[in-house]
Amino acid sequence: MVGIWSLRPTLRRRLRHGLDAATTFVRANCPDSTRTRLRTALAKQEALRRVAMLVAHGTTPPSETFWVVCRELGGLLDADYAAIARFEPERMMCHLAEWNDPSVPAMGVPFGGRWPMGDTAAAAVYETGRSARRASGSTAGELGEWLRSHGVSQVVSCPVIVHNRLWGELALRFLGSRPAPADTERRMGDFVELVACTIAQAEYRAELIASRARLVTAADAAQRRIERDLHDGAQQRLIALGLYLREAETNASDENEALRRSLSSAAKCQSDVVAQIQQISCGIYPTTLTQMGLKGAIKSLVRHCPVRTDLHIRIDRRLPEPAEITVYYVVSEVLANVLKHANASVVHIDLVATSGDDLRLTIRDDGVGGADLRRGTGLIGLQDRVDTVGGTMEVSSPVGGGTSVVVGIPSSALDDPQGRP
Ligand SMILES: Nc1ncnc2c1ncn2[C@@H]1O[C@H](COP(=O)(O)OP(=O)(O)OP(=O)(O)O)[C@@H](O)[C@H]1O
Ligand SMILES: [Mg+2]
């Protein structure tokens, strides 16, 4: 049934109508036992559909999806508690989600959310890779005591396998003397797969962000090297050359006016080349950031921008280097775009980064609009950069209505571990 979401909407509608018709027919014509079976099957499909929708959208945080899985599965199989935990090295388990039937008191999370498996049902799953059930009476140690103190009589645990690797468990706990139905493990199967899908999706996303971050960091390091080489190598030699030229100009005899003029032109040309190299190396890697901080570096960008700019910056400290570089490149690229494409009369830049809050940068022009990320590499490159610091970037650019770029960086990415002044 999970695969139903890969069908076209029309097919899905027809399938749903067919199911509804079949349900009505069975309700009218079938014996009670068949009706009960059908009701159970439909309830399961409904619960699976709700979870599958969350997984398919891929935007819900895994912790929330895990909680919905616990709620749906616990409710469907009439369990009192449902929980998801990850297996960790040295036979430890880490709590990730828990649900309890509203009619029973919450159990809470044992031992600060991380505990040894001991000889629980989870331990059997860990050793065999198969589902297992265990009576709390036969569970030794602190964990057994904890389960019994909450009235849990039985635990049924199923393995969650992600990319052929045993990842953790999905467990149901039952109160009182009533044993869990015999087919509990089988009925948990589809839900376990959805949990595995959610984890695989989250892992892919994390890997993708990490690999983009590696690319951006490597590119920054390479650019910084080029900037250093230009500064310490070519630029220093040119400066020395300038000194020699000025010296030669001074020493040229008064009679040789032509030589003096040539040396003066050569010296002028040399200082232009040095200025040009400084400009190029600043574009390769923004040394202004190191020298002036983010506020100063942005002011310098704005000073060189021929379009009228309305600038508001509120920053109360130095930010971590990746965040500063990201913001700098966003301002630099968006201003370059305004010059190249917008035909705007004014640009508004608003940057707020105050302690404890998320950073927010808004750049808005009153130009022709119609910006499209697929038509170049600048805006896409910014998206990559912003993603690697865990931020968000939104571009809004209706044709004829100007362009606005809004970047947010979470405060968690702004806590500077190096404590820059
Ligand atoms: N402020 C703007 N106003 C109007 N159009 C814009 C604006 N910014 C971008 N665009 C449009 O969106 C496209 C994509 O921008 P992007 O910066 O990605 O590429 P680019 O500037 O064309 O090239 P580059 O890869 O050198 O940055 C541009 O080609 C342009 O058509
Ligand atoms: Mg561009």
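Residues numbered from 1 in each chain as written. Chains lettered and ligands numbered in written order. Predicted model: local features only at pLDDT ≥ 70, side-chain atom pairs only at ≥ 80, totals over all residues. Heavy atoms only, no water.

1. Looking at the UniProt feature "domain: GAF" (unreviewed entry) in the protein chain
Under the UniProt annotation, the feature "domain: GAF" (unreviewed entry) is placed at residues 61-209. Along residues 61-209 one finds 39% helix and 31% strand; the C-alpha atoms at either end are 15 Å apart. (UniProt positions renumbered as here; feature names shortened; annotations may be inferred. Helix = DSSP H or I, 4+ residues; strand = E, 2+ residues; numbered from the N terminus.)

2. Overview of the nonpolar core
Ranked by size, the top nonpolar core spans 39 residues in total, and within it Val327, Val331, Leu359 and Leu361 carry the most contacts. If you list the elements that add at least two residues to this core, you get α8 (287-303), α9 (321-342), β8 (346-353), β9 (359-365), α10 (378-388) and β11 (403-409). For this core, the element with the highest residue contribution is α9, accounting for 11 residues. If we ignore the near neighbours within four places in the chain, the residues touching Leu361 are Val327, Val330, Val331, Ile349, Asp350, Leu351, Val405, Val406 and Val407. (Core = buried A, V, L, I, M, F, W, Y, C linked by side-chain atoms within 4.5 Å. Buried < 20%, exposed > 50% of the residue type's maximum accessible area, 1.4 Å probe, protein only. Contact = heavy atoms within 4.5 Å.)

3. Some remarks on the side chain of Ser157
Checked against the element boundaries, Ser157 lands in strand β5 (residues 152-162). Only 2.6 Å separates the side chain of Ser157 from the side chain of Glu169, close enough to count as a polar contact. Setting aside residues no more than four positions away along its own chain, Ser157 makes contact with Ala121, Ala122, Val125, Ser131, Ala132, Glu169, Leu170 and Ala171. (Polar contact = N/O pair within 3.5 Å; in protein donor to acceptor, adjacent residues only side chain to side chain.)

4. Some remarks on the coordination of the magnesium ion (ligand 2)
Bound to the magnesium ion (ligand 2) are the protein donor atoms Glu333 (OE) and Asn337 (OD1), situated 2.0 to 2.1 Å from the metal. Placement of both Glu333 and Asn337 in helix α9 is noted, with a separation of four residues, approximately one turn of the helix. (Donors = N, O, S within 2.8 Å, 3.2 Å for Na, K, Ca; no water.)

5. Overview of α9
In this model, α9 (22 residues) spans 30 Å end to end at C-alpha, consistent with the 32 Å of a helix rising 1.5 Å per residue. Positive phi appears at Asn343, one or two residues downstream of α9, with a value of about 55°. (Expected span 1.5 Å × (residues − 1).)

6. A closer look at the state of the cysteines
Per the stated rule, a full pass over the model turns up zero disulfides. Cys70 supplies the cysteine sulfur nearest to Cys94, a cysteine that is in no disulfide, at a spacing of 14 Å. (Disulfide = S-S within 2.5 Å.)

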